[in-house]
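One-letter residues, chain by chain:
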Amino acid sequence: MENRYRVLLVTFPAQGHINPSLQFAKRLSQMGTEITLLTANFALDRMVTTTPPVQGLTLVGFPDGFDEGLKLGKTMDEIMGGLKNRGSEAVEEIIKSSIEKGEPFSRVVYTTLLPWVGRMAHELKVPSTFLWIQPATLLDIYYYYFNGYSEAIQNHGNDPSWSVELPGLPRLTTRDLPSFFVDSGEHNFALELFKEHFGILELEDNPKVLVNSFDELEYEALRVVKNLNFVPIGPLVPSAFLDGKDPSDNSFGGDLLKKSDDYIEWLNSREKGSVIYVSFGSYSELPKQQMEEIAKGLAATENPFLWVIRKGKKDNENNNFDINMFKEELEKNGENKIVEWCSQMEVLSHPSIGCFVSHCGWNSSLESLVCGVPLVCFPIWTDQSTNAKLIEDIWRVGLRVTKNENGIVEGNEIKTCLDIVMGEKKEYLNINAQKWKKLAIEAAKEHGSSYSNLRDFVDQEIRGVVEY
């Protein structure tokens, strides 16, 4: 009887983790592996309604105390503590249950911010693998921070003139480093989790880290840390925009979430390469003053724009930007368009898009590279500043905005950057963007570097482990 190979994939319950995790799961299923994807209930509920059925993929949730979403007044320690405690119980239960049924998992794969999953797998003697959903450069930076550079970075974190040259990486200024190093606040919990990740990896003889990147994009960064084996398997974006094997895999089921072709019809009426697409992701919220400056900058540009503005949290007075006060002026009788939601890959792949004003989260950055669209980089926190550095100075497909002394990007600065990206540097940036688009597609297609890496991982680490 043919062996059935099973993988337990545990993902952090945030959209930036869920999207690449789903793509990873789909690719494993195409290679003959059965996947159980485990995450918190509140994230699972959204996935169930927005993810079309995938053969070999089972979605499972667990209660983390926030089944109806995050509640006001809860600290990050409480939130992460609940996720760890209840998540650990769920991982232990599902692994033990699979063994009792005679259907054990060959391997556990877990994403960023979940080191306790690796520890639980180790205790239960199930092989595990860490899936890093950000660029390899970020993992290198965190590795160096915990191996000799933490004091220097902490001592100079508020000095904009200071820079550091980490082995094998480009020189980085303080504004290029992850925000966890230089900003104080409740989100600094992540540093301790990254440290735990490295501790878990040290328990393995030959630790492999799957990375949502591709060899041609980060050749040196993928090899500079000698005692870790980085395995690039990205870009983890929908198949329809890469190898084309699954044309239906084009929007993470977003069309099921909110069906609207209105913005596509509008894009169809615009000239090729003329539209500015503006979106800051599914999590980040900008203060009212910053939103007003963005509105000023867009209103002053000569190019049409498509701006995605999600509904903000009404409890936060700083974020109560009312687009209705500006909408008539900004939309100018249909010349521009403002929406609450869109299928981002569908938009980025549209021929009318000329540039993408983005917070530079890694998913958005990769999607822009895959679609060959230059960026205006507007980083906000976590990995986004480093991504912006890579986009502007290493891959040369974008331009980064500069904040004023109050931490606000002024409207005139936004207009200037847009004029450069859509004007004097347009041809140069487009040539580079098309180069990376071609390399990304080649890496993902059959026999490409990322495809081959994932196939080797399945053959060696999943099919090679049948019993434990």
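Now for a look at the structure at hand. Worth saying up front: this structure is predicted, and the values here are computed from it rather than measured. (Residues numbered from 1 in each chain as written. Predicted model: local features only at pLDDT ≥ 70, side-chain atom pairs only at ≥ 80, totals over all residues. Heavy atoms only, no water.)

Turning to the sheet that holds strand 9 (residues 229-232), a few remarks are in order. With parallel pairing, the 7 strands of this open sheet are ordered in space as 3-2-1-4-5-8-9. Edge positions in the sheet fall to strand 3 (57-62) and strand 9, since each of these pairs with one other strand and no more. The mean angle between the axes of side-by-side strands here comes to 25 degrees, regardless of whether they run parallel or antiparallel. The pairing of strand 8 (residues 208-211) with strand 9 spans 4 bridges and is parallel. The partner of Leu210 across the bridge, within strand 9, is Val231. Each of strand 1 (5-10), strand 4 (107-111) and strand 5 (128-132) touches helix 4 (residues 115-123); the most contacted strand, strand 4, lies at about 165 degrees to it. (Pairing = 2+ DSSP bridges. Helix = DSSP H or I, 4+ residues; strand = E, 2+ residues; numbered from the N terminus. Axes fitted to C-alpha atoms, helices over the stretch in contact; angles between N-to-C directions. Contact = heavy atoms within 4.5 Å.)

The next thing to look at is the packing of aromatic side chains. Scanning the model with the defined rule gives 17 aromatic pairs in all. Centre to centre, the rings of Tyr110 and Phe130 are 5.5 Å apart; their planes meet at 15 degrees, and the pair counts as stacked. Of this pair, Tyr110 sits in strand 4 while Phe130 sits in strand 5, and the two are 20 residues apart along the sequence. You'll find Tyr110 and Phe130 in the same group, each marked buried. The ring of Tyr219 is capped by Arg223, whose NZ or CZ atom sits 3.7 Å from the centre of that ring. (Phe/Tyr/Trp six-rings, centres within 6.5 Å; stacked < 30°, edge-to-face > 60°. Buried < 20%, exposed > 50% of the residue type's maximum accessible area, 1.4 Å probe, protein only. Lys NZ or Arg CZ within 6 Å of the ring centre and 35° of its normal.)

Right, let's get into the sheet that holds strand 14 (residues 375-377). Here we have 6 strands laid out as an open sheet, ordered 12-11-10-13-14-15, and parallel in their pairing. The open sheet has two free edges, formed respectively by strand 12 (337-339) and strand 15 (398-400), since each of these has just one partner strand. Neighbour-to-neighbour, the strand axes of the sheet open up by a mean angle of 15 degrees, direction not taken into account.

The α-helix advances 3.6 residues per turn, and as a result positions three or four apart in sequence lie on the same side. Here helix 7 (residues 189-201) is 13 residues long and its end C-alpha atoms lie 19 Å apart, about the 18 Å a rise of 1.5 Å per residue gives. Here helix 7 has its buried residues at Phe189, Ala190, Leu191, Leu193, Phe194, His197, Phe198, Ile200 and Leu201. (Expected span 1.5 Å × (residues − 1).)

This part is about the environment of Met291. The residue Met291 is located in helix 10 (residues 288-300) in this model. Relative accessible area serves as the criterion here: at 10%, Met291 is assigned to the buried category. C-alpha separation for the pair Met291 and Phe321, spaced 30 residues apart in sequence, amounts to 6.8 Å. Those residues within four positions of Met291 in sequence are excluded, and the remaining contacts are Leu286, Trp307, Ile309 and Phe321.

What follows concerns the environment of Cys371. Checked against the element boundaries, Cys371 lands in helix 13 (residues 362-371). With 66 residues separating them in the primary sequence, Cys371 and Lys437 have C-alpha atoms 6.0 Å apart. The residues contacting Cys371, other than those within four sequence positions of it, are Met345, Leu348, Ser349 and Lys437.

Because side chains alternate across strand 8, one face comprises the buried residues Lys208 and Leu210, and the other comprises Val209 and Val211, equally buried. Where strand 5 lies against strand 8, 3 bridges are found, and the strand directions are parallel. Directly across from Phe130, in strand 8, lies its bridge partner Val209.

Regular strands show a simple pattern: their side chains alternate between the two faces of the sheet. Of all 6 residues in strand 13 (residues 353-358), 6 are buried, a share of seventy percent or more. Alignment of strand 10 (residues 275-279) against strand 13, held across 5 bridges, turns out to be parallel. For Tyr277, the partnering residue across the bridge sits in strand 13 and is Phe356. In terms of strand pairing, strand 13 meets strand 14 through 3 bridges, oriented parallel. Of the residues in strand 14, the one forming a bridge with Val357 is Val376. At this point the chain moves from strand 13, through helix 13, to the parallel strand 14, and the crossover so formed is right-handed. (Right-handed = clockwise from strand over helix to strand, strands pointing away.)

This part covers the packing of helix 3 (residues 76-100) against helix 4. In contact at an axis separation of 10 Å, helix 3 and helix 4 are set at 35 degrees when each is read in the N-to-C sense. Every pair of crossing elements has a handedness; the one defined by helix 3 and helix 4 is right-handed. Contacts between helix 3 and helix 4 pair Leu83, Lys84, Gly87, Ser88, Val91 and Glu92 from the former with Trp116, Val117 and Met120 from the latter. Considering only residue class, the contact of helix 3 with helix 4 consists of 5 nonpolar, 2 polar and 2 charged. (Left-handed = near helix turned anticlockwise from the far one by under 90°. Nonpolar A, V, L, I, M, F, W, Y, C, P; charged D, E, K, R; others polar.)

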